[in-house]
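Residue-level listing of the chains:
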There are 2 protein chains.
Amino acid sequence: MKAVLVIADGLGGRITDYNGKTCLEAADTPNLDYLAKIGINGLLDPIEHGVRPGSDTAHLSIFGYDPKEVYTGRGVFEALGIGMDVQDGDICFRANLATVDDELRVIDRRAGRINEGLDEIEKAINSVEVYDAEIIYKSSVEHRGALIIRGEGLSYRITDTDPHKTGKKVLRAKAIERAVSAEKTAAIVNEFTKKVHDVLKDLEINRKRMKEGKAPANIVLLRGASIKPDIKPLKEIYGIEGSAIAGGALYLGIARAIGLKTIKPEGATGRKDSNLLSKVKTALDELESRDFVFIHFKGADSCAHDHDADAKIEFIEKIDNAIGYLLDNIDLEDAHIAFTGDHSTPIEYGDHTADPVPLVIAGRNVIPDDVERFNERDAMKGGLHRISGRVLPVLFGYCNFLDKFGA
Amino acid sequence: MKAVLVIADGLGGRITDYNGKTCLEAADTPNLDYLAKIGINGLLDPIEHGVRPGSDTAHLSIFGYDPKEVYTGRGVFEALGIGMDVQDGDICFRANLATVDDELRVIDRRAGRINEGLDEIEKAINSVEVYDAEIIYKSSVEHRGALIIRGEGLSYRITDTDPHKTGKKVLRAKAIERAVSAEKTAAIVNEFTKKVHDVLKDLEINRKRMKEGKAPANIVLLRGASIKPDIKPLKEIYGIEGSAIAGGALYLGIARAIGLKTIKPEGATGRKDSNLLSKVKTALDELESRDFVFIHFKGADSCAHDHDADAKIEFIEKIDNAIGYLLDNIDLEDAHIAFTGDHSTPIEYGDHTADPVPLVIAGRNVIPDDVERFNERDAMKGGLHRISGRVLPVLFGYCNFLDKFGA
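Criteria and cut-off values
Residues numbered from 1 in each chain as written. Chains lettered and ligands numbered in written order. Predicted model: local features only at pLDDT ≥ 70, side-chain atom pairs only at ≥ 80, totals over all residues. Heavy atoms only, no water. Buried < 20%, exposed > 50% of the residue type's maximum accessible area, 1.4 Å probe, protein only. Helix = DSSP H or I, 4+ residues; strand = E, 2+ residues; numbered from the N terminus. Pairing = 2+ DSSP bridges. Right-handed = clockwise from strand over helix to strand, strands pointing away. Contact = heavy atoms within 4.5 Å. Buried area = accessible area lost by both parts, 1.4 Å probe. Salt bridge = Lys/Arg side-chain N within 4 Å of Asp/Glu carboxyl O. Polar contact = N/O pair within 3.5 Å; in protein donor to acceptor, adjacent residues only side chain to side chain. Axes fitted to C-alpha atoms, helices over the stretch in contact; angles between N-to-C directions. Core = buried A, V, L, I, M, F, W, Y, C linked by side-chain atoms within 4.5 Å. 1 Å grid on protein atoms, 1.4 Å probe; cavity = no way out; pocket = protein on both sides within 12 Å on 5 of 7 lines; lining within 4 Å. Points joined across faces, edges and corners; volume = space filled by probe spheres on them.

Draft legend 1. Local environment of the pairing of strand E8 (residues 242-245) of chain B. Residues and elements named next belong to chain B. Here E8 shows no split at all, with Gly242 and Ala244 on one side and Ser243 and Ile245 on the other all buried. Two elements, E8 and strand E10 (residues 292-297), share four bridges in a ladder whose sense is parallel. Paired with glycine 242 across the bridge in E10 is phenylalanine 292. Where E8 and strand E9 (residues 261-263) come together, three bridges link them in parallel fashion. Across the sheet, residue alanine 244 finds its bridge partner in E9, namely threonine 262. Between the parallel pair E8 and E9, the chain is carried across by helix H10 (residues 249-257), and the sense of this crossover is right-handed.

Take a look at the structure:
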């Protein structure tokens, strides 16, 4: 038996999306509707009713982990997602190359989306020496990267240096708990911030960019301080081997954190131009040798963040097409598929909301309900009713992958 | 965006209430039915399925707090509700003026619902001196009041002195945990009980009452020992300013505990003769400058405690009328309304039960379901399905008031 979990980021919406319909209702989705018809449907509160999920916490919860217990911040998933070797106790951050003036006031949070000299910059950042700890920086795409502070007696309980706005000064990291370890880590971060500016500001690539009127990458802004979460890999819990197919670093990182093999297939950009068929084909290849694949589609969320209903509808139809290809090439006598979103991102609000998302599970062991269309409204009438997180354990239940609790 | 939460105390019922119908089914409720029609409906377990809620614990849970974590007893809410200044560590009690004989046997738990000389009695009680602590008593309505014991090293983990029955002797308070602080507090309460009887029995007002054949208020019975709960005010969690409109001290007290401005409007008696329109008008006034109002209607619960189905039905229709006024004066493009009960109080049983209560939420961001009537039976088919507590976070989710958990 094979298990497939497909998460479409930001899938859910509101009836303010598009002429009284949600984007899912407005989209033409024959393949998702077919899944709804043969499967069991319901509403998913990604974490819990009345909780507005982040993408990271939502994925952890859907995978069966309790984010209130295991989540420490986003940085570690970004670091894992771009392939960094994260060790126990490492303090991990999302890192942005940015542009500041002489008073460390932020001029451009993305250093003009710099896409040159990234190796040189990475090397320079890694040359920064701080008190009693090691600095490890890795560049990913454009201005993005992740940073690890490695040493003894550190804590992730510190605030961001990223002011999250231009015109504001770079913030001093502060301890958010009364502990020597947090005070020490905040001091290291502040020392790093000062030193990295000194190192970067005179770097050749930055001089060149300034001559060309481009924003220099003369600071590193840090956010999402976190450590490797204390979670058991899926294999240890369920005894199964799985793969994750995604474009975005965050999702690849979460997948690594739970012990999945991670694959970013060609054309998987994590953006709305992403090649979804390539993802599905890679998933089908993986299923030859694996018990489980997780496929992540990012684009619908991005379109909704941009308040673009037409683009979100179009992307949902692109997802539907990819699901059609999956259904054409999988035998639901030997497999179960779960399809859902990690949260709603309504068009008007343009950000995650606490509204539940539709969920469908199909396959030989599922008792179908009467739902015939895949969307928020029809899902209300489904046989799964309304559940909080834990989609993967439910899917694995249908696949007979679960150990008994008790005897 | 504005949020309105209306809780009708003891709203839910059973089909044993009235000719095979619940009181809600028997009542004529065009306005609640309209809310059901335009909104999303479901069943609410105020705390959790299989838990029989008190009014205090149910309200905490509906407001999004976990009563298993934060609830210590009812006394503190009564003290807050009548405007007492409750400080950290204060041990708070519900206090009843009562009548005892010379052997401290209770003759009347309400001292003949005494409604005279309350200032004199309050002063006398506050004159009682006990070992190593301060006594602060405040009278509210008739025989009712609240008492605070303030001092170092006290504990709320002690039993009531109120025997809850006439003919029984006043109980000695006992520690319910092995701790010096609980032993000390119980000793203070017992010292207080003896001394307050000595002070009250010869008070002029009591001599006068005895001459007139009325029950003297010659003792103070204590119950619900508790401390200020460790809860974050709503403003700290959600960044919003709210007001509470209620008649009963308990509800005003809970509202104060979560940081709401509290208002007891004219005619709001907390009884079935309460002026509900006055409450709704006050709520509408508050909404001019506040993000959120909570309205509490008490009467349906009182009628059900009296096993009076006709009175409960009549009060539900009075609530419906008040909701009609609210709907006529609020724009659901700019506001979301949640309407529910804090628990069921069926007519036959005459007390709170664990049966779930119907819940409806309406407003621009809600996806309506097919439910067209507001009652226990139709709510079973609603799109909210069955949720446990946390109505306020769900309502605030629709209003876009929630912070993201995660990133």
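Let us keep going from here.
Draft legend 2. Expanded view of the interface of chain A and chain B. Listed as interface residues are 34 residues of chain A and, on the opposing side, 26 residues of chain B. Summing both sides of the interface, chain A and chain B together bury roughly 2500 Å²; the carbon and sulfur share of this comes to 57%. In terms of surface lost to chain B, no three residues of chain A exceed A:His49, A:Arg52 and A:Met380, which account for 27% of the buried area on that side. Where chain A touches chain B, the interface holds four salt bridges. For B:Asp370, the salt bridge identified is with A:Lys381, shortest N-O distance 3.0 Å. The tally of links between chain A and chain B comes to 20 residue pairs in polar contact (both at pLDDT 80 or more).

Draft legend 3. Summary view of the sheet that holds strand E13 (residues 385-388) of chain B. All names here are of chain B. Here eight strands make up an open sheet; going across it, the order is E9-E8-E10-E1-E11-E12-E2-E13 and the pairing mixed. Each edge of the sheet is formed by a strand with only one pairing partner; in this case those strands are E9 and E13. Direction aside, the axes of adjacent strands within the sheet are offset by 20° on average. Strand direction decides the pairing type here: strand E11 (residues 335-341) and strand E12 (residues 357-363), joined by five bridges, are antiparallel.

Draft legend 4. Broad picture of the nonpolar core. Ranked by internal contacts, the top residues of the largest apolar core, which has 58 residues, are B:Leu5, B:Phe292, B:Ile361 and B:Phe396. Non-local contacts of B:Ile361, meaning those with residues more than four positions away in its chain, are made with B:Gly39, B:Ile40, B:Ile337, B:Ala338, B:Val366, B:Leu384, B:Val394, B:Leu395 and B:Tyr398. Counting residues in each nonpolar core, the second largest holds 51 residues, with A:Ile82, A:Tyr238, A:Leu392 and A:Phe396 among its members.

Draft legend 5. Region of interest: the layout of surface pockets. Residues and elements named next belong to chain B. One number sums up the size of the second largest pocket: a volume of about 1400 Å³. Forming the boundary of the second largest pocket are 41 residues, of which Arg74, Arg94, Arg144, Gly270 and Lys298 lie nearest the centre. Listed by contribution, the elements that provide at least two residues to the lining of the second largest pocket are helix H3 (55-62), helix H5 (75-81), strand E3 (91-100), strand E6 (144-150), H10 and helix H12 (299-305). By residue number, the principal contributor to the lining of the second largest pocket is H10, which donates four residues.

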